[in-house]
Each structure stands twice: as C-alpha cells, then as structure tokens.
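Structural characterization, general
Chain by chain, the residues:
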Amino acid sequence: MDELQLMARARFHAGAVAIRSGVKEHTYAELLDRSASLASELLGETDDLNEGRVAYLAPAGFDHISVQWAIWRAGGVAVPLSHSATEPELEYTITDSQSHCVIASRDCADKVEAICERLRLRLLIIEDVDNVSGQSLPVVTSGRRAMILYTSGTTSKPKGVVTTHDNIQSQIESLIEAWKWQPSDRIPLFLPLHHIHGIINVMSCALWSGATIAPFRNFDMTAILSRVADDAYTVFMAVPTIYVKLIQALESMADGERSRIVAGFARMRLMISGSAALPASVHEQWTSLTGQKLLERYGMTEIGMALSNPLGGERRPGTVGQPLPGVALRLSSEQGEPVTTEGEPGEIQVRGPGIFSEYWMRPEVTAESFQDGWFRTGDIAVQEDGYYRIMGRRSVDIIKSGGYKLSALEIEAALLEHAAIRECAVVGIPDDTWGEAVAVAAVLNDGEELDIEMLRSWSRERLSTYKIPKRLLVVDALPRNAMGKVTKPAVTTLF
Ligand code: MLC
Ligand code: AMP
C-alpha cells in the first residue's frame, strides 16, 4: 500500500467536513492538501524524514491536524508538545526526543523560540508555509515509528512512549468497533493534544470515521454548553474532573437554561468518561441530571484503551467493563501468578497489537515493563460479576490529577531546588474535583520559612499548573524505614 490508511480513508471522505469551528469548515480534502504542502516543506531537499522526530505546538484545529499528518506523510515521528508546559519542560521533551525541527503556529511560537535558538533547531511557523501542489511524498510503511508521547510515572523525568502506525491503527480500530463510530458523528475536542485521550480517542477516531470535530483551545465550558444545547454534538468524551465541573455548573444555573442544555446532553448518542476513576456518585448524579448513562473505560498511554463498559449492555457505575476488541488482558498476583478467582485483586497486564513498541532510548525500562510479553500497567483491579473494577495503583509515586498523570518524584526533584527545602515527600490527596491534588510534606533548612503561597508562586516558573502543590505541610522529620530511606505513609497520617 502506497499510503497510510488514515490518509487513504480521508480521500474516501474527501468532501465531508472534518473540522467545524464556529462557521468555519474544513473538508478532508483540504486536510490532505495542506498536510501535503507542509510535508513537502518539512522534507526540503530530502525524500524521507526516516523517522526523524518533529516536535509541534499548535491549538486544536485545522493547522494542528495538518501538521500531525504532514509529519507522518513525510516519514517523520510526531512529538506533540504541551500548551501548559513551562519552558524547561518543553526543552526536556524536545531534547529527550532528539527532535530536529519544531513546528509552531504563530501564536504559540514565543513558547519555543528561545529553546530553538539555544539548541540551534529549525523553527517552522505554520502560517509561513505556502501551499504547493504536485509534490512527491515517500511511501511510509505502517510498521515504522509514528509518535512519541511523554508520560510521567515512577521515574523522575517523563518517558517517551513510542507507537508505530500499526499500533495507532489497532488502537483506533478497536474503539471504532466497540463504540460504533460513524461518519455522521460530531464531537467536541477540548482535551489537550499531547495525550492519548485527546489524540486517539477523540481526534483520530473521528478522522478515521469521516466524522466532524469541533475544536476548542481548551475546556471552554460556556461555549461548549451553548453548542450542546443546539445539538451540535452526537458524542462527548471527557475526564471525570470535567463531569464534576459540568454538574457544578448545571446545578447553579437558572431552570430554563439548565433544561435546554440537559436536553442537548440527553439527545447525544454516547457520552464517555476515562483517564481517571469516575466516582460512582458522579456517574449517578450525571444520569439523574441528564438521563445519560456514562460509559466508563480504562486506558493508558502505553496500551491505548484496554477495558470498556459496553455500548449496548449494562454500564455499571464504578467499573471499567471488559477487554476491548484486540486486547488480551490478565490480572497478575504479587508473586507473578495469574489471578483467576473473582474478587481477588491483581495487576492489570495487557498484550495486543495496540501496545507501544518501546520507551524512547530507554531499553532497560522497556524490558522491565513487560512480564513474559505482557505489559505491566501498575494498576490493580478485581473482576466482579464479569466486570473489572480498578482498585488503585501499585506505586504511590503516581498521582492522577484532573486526568493528568503526574510523577511525585519529578515534583519532589523540582521542589528540592527551592532554597528553603531540605527534604520533601510529594503525595496525591483525595479531592472531589481533581480526583487527587498534589500535596507536599517538607522539612525546611534551619531558619527558613515557607508557606503554600510562596511555594506556589516559586513553582510557577518550573512546573505545569497541575503539578504545582496545592497543600504544604511543614514537618520536623519525614518518616523513614529501617534503612533510613524516606517512606510515604498513608496521606491521612500526613495531612
Ligand atoms: C488546574 N488547577 C488545578 C489542577 N489543574 N488545581 C488542582 N489540581 C489540578 N490538577 C487549578 C489551576 O491552578 C487554576 O487555579 C484553576 O484550577 C483553573 O486551571 P485551568 O487549567 O484553567 O483548569 P481548567 O481549564 O478548568 O482545566 C481542567 C481540565 C484540564 C480538567 C479541563 O485539567 C484537562 O483538560 N484535563 C484533561 C487531561 C487529559 O486529557 N488527560 C488524559 C491523559 S491520557 P488558579 O488558582 O490559578 O485559578 C490518559 C489515558 C486514558 O489518562 O486512559 O485516557
Ligand atoms: P496515562 O499514563 O496518562 O496514560 O494514564 C493512564 C492511567 O490512568 C492508568 O494507568 C490508570 O491509572 C488511569 N486510568 C485511566 N482510566 C481510568 C479509569 N477509568 N479508572 C481509573 N483509572 C484510570
């Protein structure tokens, strides 16, 4: 096959509207044309990027998608950057991925200009690239690397998760089958586009199906709700924090306005929650407000989506359903034995064509993440009446806040650079809106003083908003184990 499937499918849907932003529309044909021009600019004198990494930063929309497709069509590996990242965080992603070029929209360029100058990298401004026609593009086989997404975890710096075109195709096809995506679907896209939820579940599934995306720069609740009332969308995907915020907003509205919006939600074909645990109480509140039963599913950057409540059958609050098409899943005990008894907890391990190929430039970490060919997610679950329920994570160093995965170790490393802090331990504490909020217990250097506001304003230069501590507890000493190593006790004993 000469062309990647995504582009071949776009040709099939050429005249359909791929993106609708207010009154502005872009067809699939326009995406194909624009991405070909950008690909040709990226290629310059070469005929194939040969998996060279290209980092990019642009708001959700026509330019963003054109750039992603251009990188793929030129044979490159797409490295999406985060809008909320600080300069040191952006520089880390660009250098760790060894990107040779950065593409930005004009309004985002100031975030990467200084980095590109310092690292002597090419900075391509999307709006400066002219449209050209008749360019020849390389044949990109689907086994090649396609994307690197940065994910936090039990290492102090985020790791690059590499997926091939084949991995991505499997992840998409599994969801198209399970959730019956159709060309008539219309979905708002407000989740960040440096994470799998926004990139695969929303953007790529919609584009694969010939559906229409309505992009937003971020979660603009007022604009989105007014479109919901007008029946602009058939499918809706969000993290639990967003449903909590929506419930709060709907409950504080005047009756007339609320009933118009609620009726819009009620008419949607499908509403999905994922990326963090959806409390059963939120699930039930949403149903009583809108009549919609949210479909909760479970996934991870490294594996795509793995478990889902059914489209057609019972959607059980507090559970994540059953394995999705193409996903083999097992629970493994602490001793590494398969768990086969209902109600007995084990680590979720996954196998299948959608699983990532490697952590970028970290062969040892990649090898440690698999057990006999099964990817070890670090999430603990049980099976109850045939449905899986997530119980928590193996590591306290992983925090999920607002749907973002955060590494306690990364935040600790940043905070230790503060002159007042001698030692610290970062943990996630339960939070009704954010799922977990970042909290820090710190031992100060002699004679130093620190309060949460001082710490937060200092952190702003170094950490993305959602990594900035929300609580600080100054302690005389941190708890230690027999070896003298700091341990993290249950949060209730700390805060
Ligand atoms: C922001 N704030 C937080 C916070 N994030 N406070 C506590 N904890 C957090 N995590 C604070 C800010 O400091 C600010 O406070 C105020 O909240 C508003 O910030 P904001 O950034 O404007 O918030 P908002 O726009 O409302 O964003 C919330 C959100 C966003 C839920 C829309 O966090 C989001 O888009 N999350 C989705 C992340 C995602 O896509 N994850 C998927 C990963 S993939 P102040 O005081 O400054 O006003 C994955 C796999 C899978 O997980 O299964 O899908
Ligand atoms: P990320 O590494 O950002 O892709 O986040 C993946 C992690 O999000 C998983 O390992 C889980 O811990 C968590 N997660 C995703 N979906 C759910 C869910 N429905 N319930 C509980 N946790 C979830």
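Residues numbered from 1 in each chain as written. Chains lettered and ligands numbered in written order. Predicted model: local features only at pLDDT ≥ 70, side-chain atom pairs only at ≥ 80, totals over all residues. Heavy atoms only, no water.

In space, the 5 strands of this open sheet follow the order 11-12-13-14-15, with mixed pairing throughout. Both outer strands of the open sheet, strand 11 (235–238) and strand 15 (322–323), are each paired with one neighbouring strand and no more. As paired strands, strand 14 (residues 304–308) and strand 15 are joined by 2 bridges and run antiparallel to one another. Counterpart to Ser308 in the pairing with strand 15 is Gln322. Helix 9 (residues 240–251) rests against strand 11 and strand 12 (270–273) of the sheet, and its axis sits at about 110° to strand 11. (Pairing = 2+ DSSP bridges. Helix = DSSP H or I, 4+ residues; strand = E, 2+ residues; numbered from the N terminus. Contact = heavy atoms within 4.5 Å. Axes fitted to C-alpha atoms, helices over the stretch in contact; angles between N-to-C directions.)

Residue placement: Ser401 occurs in strand 22 (residues 398–401). Ser401 sits in the buried class, given a relative accessible area of 6%. Only 2.6 Å separates the side chain of Ser401 from the backbone oxygen of Glu436, close enough to count as a polar contact. Other than its neighbours up to four places away in sequence, Ser401 contacts Leu406, Trp434, Glu436 and Ala437. (Buried < 20%, exposed > 50% of the residue type's maximum accessible area, 1.4 Å probe, protein only. Polar contact = N/O pair within 3.5 Å; in protein donor to acceptor, adjacent residues only side chain to side chain.)

Here the focus is the site of ligand 2. Lining the immediate environment of ligand 2, one finds 16 residues, of which Glu296, Arg297, Thr301, Asp379 and Lys400 sit closest. One of the side-chain nitrogen or oxygen atoms of Thr151 is found 3.2 Å away from an oxygen atom of ligand 2. Side-chain polar atom of Glu296 to a nitrogen atom of ligand 2: 2.9 Å apart, as the coordinates give it. Protein contact buries 94% of the 500 Å² of open area that ligand 2 shows by itself. The residue inventory of the shell around ligand 2, partitioned by class, reads 6 nonpolar, 4 polar and 6 charged. (Near = heavy atom within 4 Å. Areas by Shrake-Rupley, 256 points an atom, 1.4 Å probe, with all protein chains shown as cover. Nonpolar A, V, L, I, M, F, W, Y, C, P; charged D, E, K, R; others polar.)

Turning to the packing of aromatic side chains, a few remarks are in order. By the definition in use, this model includes 12 aromatic pairs. With 5.4 Å between their ring centres and 50° between their planes, Phe190 and Phe236 make a pair best called tilted. Note that Phe190 is positioned in the loop between strand 9 (186–189) and helix 7 (196–209) and Phe236 in strand 11, a separation of 46 residues in sequence. Side by side, Phe190 and Phe236 carry an identical accessibility label, which is buried. Between Phe370 and Phe375 the ring centres are 5.5 Å apart and the planes differ by 65°, which places this aromatic pair in the edge-to-face class. Here the aromatic cluster, defined as three or more aromatic residues joined through ring pairs, consists of Phe190, Phe219, Phe236, Tyr243, Phe265 and Trp286. The lysine or arginine in question, Lys159, covers the ring of Tyr359, its NZ or CZ lying 5.0 Å from the ring centre. Arg462 extends its terminal NZ or CZ atom over the ring of Trp458, reaching a point 3.9 Å from the ring centre. (Phe/Tyr/Trp six-rings, centres within 6.5 Å; stacked < 30°, edge-to-face > 60°. Lys NZ or Arg CZ within 6 Å of the ring centre and 35° of its normal.)

Domains assigned within the protein are domain 1 (5–140), domain 2 (179–392) and domain 3 (398–493). Just the C-alpha atoms count here: the centres of domain 1 and domain 2 sit 27 Å apart. Residue-level contacts link 28 residues of domain 1 with 22 residues of domain 2. With both sides pooled, the region where domain 1 packs onto domain 2 buries about 2,100 Å², and carbon together with sulfur makes up 58% of that total. On the domain 1 side of the contact with domain 2, Arg20, Tyr28 and Ala60 bury the most area, a combined 22% of that side's loss. (Domains from an automatic or database assignment. Buried area = accessible area lost by both parts, 1.4 Å probe.)

For strand 3 (residues 53–57), a buried count of 5 out of 5 residues is recorded, marking the element as mostly surrounded by other parts of the structure. A two-sided burial pattern is seen for strand 3, the buried positions comprising Arg53, Ala55 and Leu57 on one face and Val54 and Tyr56 on the other. As paired elements, strand 3 and strand 4 (residues 77–80) share 4 bridges and run parallel to each other. Its bridge partner being in strand 4, Arg53 is matched across the sheet by Val77. This β-α-β element, strand 3 to helix 3 (residues 62–73) to strand 4, shows right-handed connectivity. Bridge count between strand 3 and strand 5 (residues 101–104): 4 bridges; the pairing is parallel. (Right-handed = clockwise from strand over helix to strand, strands pointing away.)

With that out of the way, let us pick up the site of ligand 1. In the vicinity of ligand 1 lie 25 residues, with Ser275, Arg297, Lys400, Ser401 and Gly403 positioned nearest. Within the contact set of ligand 1, an oxygen atom lies 2.9 Å away from a side-chain nitrogen or oxygen of Lys245. Note that a nitrogen atom of ligand 1 is positioned 2.9 Å from one of the backbone N or O atoms of Gly402. Against a free-state accessible area of 1,100 Å², the protein chains account for coverage of 74% of ligand 1. For the shell around ligand 1, the secondary structure elements donating two or more residues are helix 7, helix 9, strand 13 (295–300) and strand 22. Per-class residue counts for the shell around ligand 1 are 11 nonpolar, 9 polar and 5 charged. Two domains each donate at least three residues to the shell around ligand 1, and these are domain 2 (179–392) and domain 3 (398–493).

Glancing now at the pattern of salt bridges. Throughout the structure, instances matching the rule amount to 28 salt bridges. With a shortest N-O distance of 3.2 Å, Lys467 and Glu410 are connected by a salt bridge. Here Lys467, found in the loop between helix 14 (452–459) and strand 26 (471–474), pairs with Glu410, found in helix 13 (residues 408–415); they are 57 residues apart in sequence, far enough to count as distant. Judged by relative accessible area, Lys467 falls into the buried class, the value being 8%. (Salt bridge = Lys/Arg side-chain N within 4 Å of Asp/Glu carboxyl O.)

As a further point, take helix 9. Between the first and last C-alpha of helix 9 there are 17 Å, a value that for 12 residues agrees with the 16 Å anticipated at 1.5 Å per step. Across the 12 residues of helix 9, 9 count as buried, placing the element largely inside the fold. Taken residue by residue, helix 9 has Pro240, Thr241, Ile242, Tyr243, Val244, Leu246, Ile247, Ala249 and Leu250 as its buried positions. Tucked inside the fold, the buried residues of helix 9 contact helix 8 (221–229), strand 11, helix 10 (255–266), strand 12 and helix 11 (280–290). (Expected span 1.5 Å × (residues − 1).)

Excluding glycine, a negative phi dihedral is what most residues carry, and trans is how most peptide bonds are arranged. In this model, Gln98 sits at a positive phi of 55°, which is unusual for a non-glycine residue. With respect to the helices, strands and loops of the structure, Gln98 is situated in the loop between helix 4 (87–96) and strand 5. Its identity as a non-glycine residue notwithstanding, Ser275 has a phi of 90°, on the positive side. Its location among the elements puts Ser275 in the loop between strand 12 and helix 11.

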